[in-house]
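# Residue-level structural notes
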Amino acid sequence: MEIGDVIGGTPYHVLRFDKLQINDAGEWHAQVLWDRATNEFCLVRNGALAHEFRELLGDGPGAGARWNWTHGLSMNEAGQVFYSMGFTNNPTGLLDDEGLYYEFDSLFALESDAVLDPAVPAGSRWHDWDEVQFNDTGTVLADADYEDGTTGVDHRVLVKLGVDPQGLPTGSEEIILREGDLLNGSTILRMPGTSRQSDMNDSGDVIATVRVSDGGPQKSVIWMNGVELARDGEPSSVGGGLDWSNLENAMMAVNSRGDYVFTTKLNSTSIRDALIVNGHPLVQYGDALPDIAPYVLRYLHGKEVDIADTGDVLWYGSFNDPNGNQDEALFLNDRVLVREGITMIGGVAIEEIETDEFSYFLSDSGRWVVFEATLADGREGIYRIDLDPDPTLLPLDPGVAGQVNTATVLNAGPGSRVLVGASSRRGNALIQCHGSLLESGLSAPVAKVAAAVADGAGKVVHSRVVAPSLVGTRWYLQALDMDRCRLSNVVPVQF
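A few points on the structure. (Residues numbered from 1 in each chain as written. Predicted model: local features only at pLDDT ≥ 70, side-chain atom pairs only at ≥ 80, totals over all residues. Heavy atoms only, no water.)

### Things to note about a negative patch on the surface
Defined as follows: Grouping into patches uses exposed residues only, defined as over 30% relative accessible area, and leaves out salt-bridged ones; the cut-off is 9 Å for like charges and 5 Å for nonpolar side chains (Val, Leu, Ile, Met, Phe, Trp, Tyr). Exposure was quantified through the Shrake-Rupley algorithm and a 1.4 Å probe, taking into account, for residues, occlusion by the shown protein chains and nothing else. Salt bridge, as used here: a side-chain nitrogen of Lys or Arg that lies within 4 Å of a carboxyl oxygen of Asp or Glu. The charge count includes Lys and Arg as positive and Asp and Glu as negative, but it does not include His or the ends of the chains. Taken as the charge centre is NZ of Lys, CZ of Arg, CG of Asp or CD of Glu, depending on the residue. Counting from the N terminus, the helices are DSSP H or I runs at least four residues long and the strands are E runs at least two residues long.
A cluster of acidic side chains, namely Glu351, Glu352, Asp356 and Glu380, defines a negative patch on the protein surface. Looking at the element boundaries, Glu352 is found in strand β29 (residues 348-353).

This is the structure in C-alpha cells:
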C-alpha cells in the first residue's frame, strides 16, 4: 500500500504510515494518517479501514468515550490486536483517559485501576499505559506507570498482564522491572525508551535495556529474565573482549525458542558496531559480506532488529560504498534483502528505507517481511516480501525420551498435510510425493513419526510420547509438505 492509495471501504487516501506490524499469515496492520480531515488518523488492516479516529468505543470508560490516539499496538500470530490508547469526550471529566484494549472493542484495563501485583502496596493505581507487546499464549507486556499507594510516588515499570481466550483480564499482574529497584546492586533509573528496546516471546521470556545508577562507563544494561547479558564498560564477546558501549540505545528481540538478538556499539575505533545473537556476533563493523563486496560493513547500531523462530535475523546496516545512494540495506542474516538504489519495486529503484520505530518487521515464521520505503519516483509506501522458504522443522522439545515431545513445523502450505520422518542416520533416501521422487536428508529406512495438517499460517504442532526405551539413542528428523512436495531441514536429536 502506498501514500495516495484509497483505504479500502472508504473514499479517503493514505497520507502517512506511523506504525506497522505483520504476522505469520502475512496479515499486516498499521496506524495511518489519512485525508478525511486535518491530522486525523485511522487503523488499517490489509489495506482496508479497521477503525477511524474518534470512533465510539462501545466498551469504553463511560458513555460517549472515543478513541483519540494510540500509544502502542501489537498483533500476535493469531491476528489478535492489543492496543494502548487515549480517549476523548470522557463523561463527567474523568481523568482516566488512557487504557488497554483487546481488539479495540473490549476494554482491558483503565488508568486509575488498582494495581493487582501482590508485591505492590495496597491502594496503588495505574497512571499511564504506553507500549504493548502481545504474545500467543495470553500475556501482554506493557510499559506502564503507577502511583504507589503508600508514598504517592510514580514508578515506571514493565508489567506482564494475563489475558484469557476472550480477551478479558485474568487478574494476573506481574511487575518484572521497575524504576528505583536494584539490579545487581545498581538502581534502575530509566526504562526502555521505545517498543523495540524490549521484547517478549510466547514463553514469557523478556529482554530489555535499562539505564542504571553506576554512572561513568557502566550506565546501561541489557537484561533478560533476571540475567545481565551485557553492561556498558564490561568486556564483550567481540574483538577479543572489547568493552560494551552505549547499550541504552540498543535495539533487541527474542524469539519463541529463547534466541535473542541486540545491536550494540563497542568501545573501539576498529570495531565500532556489532549485532549480537545469543551472546556472539552475527556481524560486526568491518565485515566483508557476500552481497556488498568489495565493500565492508560500517554502522548498524540503534536500528530496529528482529529475529524469527527459525533463527533468521532481519537488520539494517550501512557499508562503505562510495556511492552514497546505494550504501545502506536491509539484511536477512548475512545477505542483502533490500538495497537502497539497487532493489527495484515495479521497475523503480528504492531510494530510502525507513528506519524509524515500527518501520520493518519479520514474521515469527521467518516467511514474511514488511518494510516502509520511498522510491526514486517519489512514491512512498509499505511493501511486503514473501520469502517462500522451505518448511522449517524446529528442534524437538524437550528432546527427552519417556516424556511428551513436541515437533513444530513452520512455513508449510496453509492446510497442507505434513509428515515428519525419522531415521537413525543421515542419508539421501528417496521419498515419493505425487509421482515425484524427492531426495531426503535421511537414510533408509525412514519411519513416519507424525502426521498433521498445517494451520492457516502454515504451522504444524504435533505432540506425542517418546518411548523410554529410546534413552541413549540418536535420531534425525525431517518434515515433508505433502501438498507442495517440499522438504524441511534435518534436525538431530539425542535422547
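Anyway, onward from the coordinates.
### Description of the nonpolar core
What counts, and what does not: Within this scheme, the nonpolar core is defined by two criteria: the residues are buried Ala, Val, Leu, Ile, Met, Phe, Trp, Tyr or Cys, and they are joined through side-chain atoms within 4.5 Å. Buried means the residue's accessible area, taken with a 1.4 Å probe over protein chains only, is under 20% of the maximum for its type, while exposed means over 50%, and partly exposed covers the values in between. Here, two residues are considered to be in contact whenever any of their heavy atoms come within 4.5 Å of each other.
By size, the foremost hydrophobic cluster in this structure holds 20 residues, and its most contacted members are Phe82, Leu100, Trp126, Trp129, Val159 and Ile175. Among the secondary structure elements, those contributing two or more residues to this core are β7 (98-102), β8 (106-110), β9 (125-134), β10 (139-147) and β11 (154-163). Residue contacts for Ile175: discarding those within four places in its chain leaves Val115, Asp117, Val120, Trp126, Tyr146, Val157, Leu158 and Val159. Of all hydrophobic cores here, the second largest spans 19 residues; its members include Leu393, Ala407, Ala412 and Ala454.

### A word on the side chain of Ser488
Operational definition: Under this definition, polar contacts are N or O atom pairs within 3.5 Å; protein pairs additionally need one hydrogen-donor-capable and one acceptor-capable atom, and for neighbouring residues in sequence, both atoms have to be side-chain atoms.
Take Ser488: it is sitting in strand β41 (residues 486-494). Within the local environment of Ser488, its side chain forms a polar contact with the backbone nitrogen of Ala479, the two atoms lying 2.8 Å apart. Ignoring anything within four residues of it in the chain, the contact list for Ser488 reads Pro391, Thr392, Leu393, Gln478 and Ala479.

### Some thoughts on unusual backbone geometry
With an omega of 5°, the peptide bond between Asp397 and Pro398 qualifies as cis. Here Pro398 is to be found in the loop between β33 (392-393) and β34 (404-410). Here the bond from Ala444 into Pro445 is cis, since omega is 0°, no more than 30 degrees from zero. Here Pro445 is to be found in the loop between β37 (436-439) and β38 (447-453). A positive phi is found at Asn39, a non-glycine position, where the angle reads about 55°. In this fold, Asn39 is placed in the loop between β2 (28-34) and β3 (40-45). In this model, Asn333 sits at a positive phi of 60°, which is unusual for a non-glycine residue. As for its placement among the helices and strands, Asn333 is situated in the loop between β26 (328-332) and β27 (335-339).

### Here's the deal with the pattern of salt bridges
Where charged atoms from two side chains of opposite charge approach closely, those side chains can pair. Counted according to the given criterion, the structure contains 23 salt bridges. With a closest N to O distance of 2.3 Å, Arg36 and Glu52 form a salt bridge. Here Arg36, found in the loop between β2 and β3, pairs with Glu52, found in strand β4 (residues 48-52); they are 16 residues apart in sequence, far enough to count as distant. Each of Asp388, Asp390, Asp481, Arg484 and Arg486 takes part in salt bridges that share partners, so that together they form one network.

### So, the pairing of strand β5 (residues 66-75)
For clarity, the cut-off: Whether two strands pair comes down to DSSP finding at least two bridges between them.
Within β5, 7 of the 10 residues are buried, which leaves it mostly tucked inside the rest of the structure. Where β5 and strand β6 (residues 81-88) come together, 8 bridges link them in antiparallel fashion. Each bridged residue has a counterpart across the sheet, and for Trp69 the counterpart in β6 is Gly86. Counting the residues in the hairpin turn of β5 and β6 gives 5 residues, including Gly79, whose phi is positive at 85°.

### Focus on the environment of Thr263
Topologically, Thr263 is positioned in strand β21 (residues 260-266). Under the relative-accessibility criterion, Thr263 is labelled buried at 1%. When the C-alpha atoms of Thr263 and Pro281 are compared, they prove to be 9.5 Å apart, with 18 residues separating the residues in sequence.

### What about the state of the cysteines?
Where we set the bar: Cysteine sulfur pairs qualify as disulfides if the two atoms are within 2.5 Å.
Counted according to the given criterion, the structure contains 1 disulfide. For Cys433, the disulfide goes to Cys485, at an S-S distance of 2.1 Å. Judged by the sign of its S-S torsion, about -90°, the cystine formed by Cys433 and Cys485 is left-handed. In this pair, Cys433 is assigned in strand β36 (residues 430-433) and Cys485 in the loop between β40 (474-481) and β41, connecting sequence segments 52 residues apart.

### Some details on the pairing of strand β23 (residues 280-284)
Relative to β23, strand β22 (residues 273-277) runs antiparallel, the two sharing 4 bridges. The partner of Val277 across the bridge, within β23, is His280. Once β22 ends, the chain turns through 2 residues before running back antiparallel as β23, passing Asn278 with a positive phi of about 50°.

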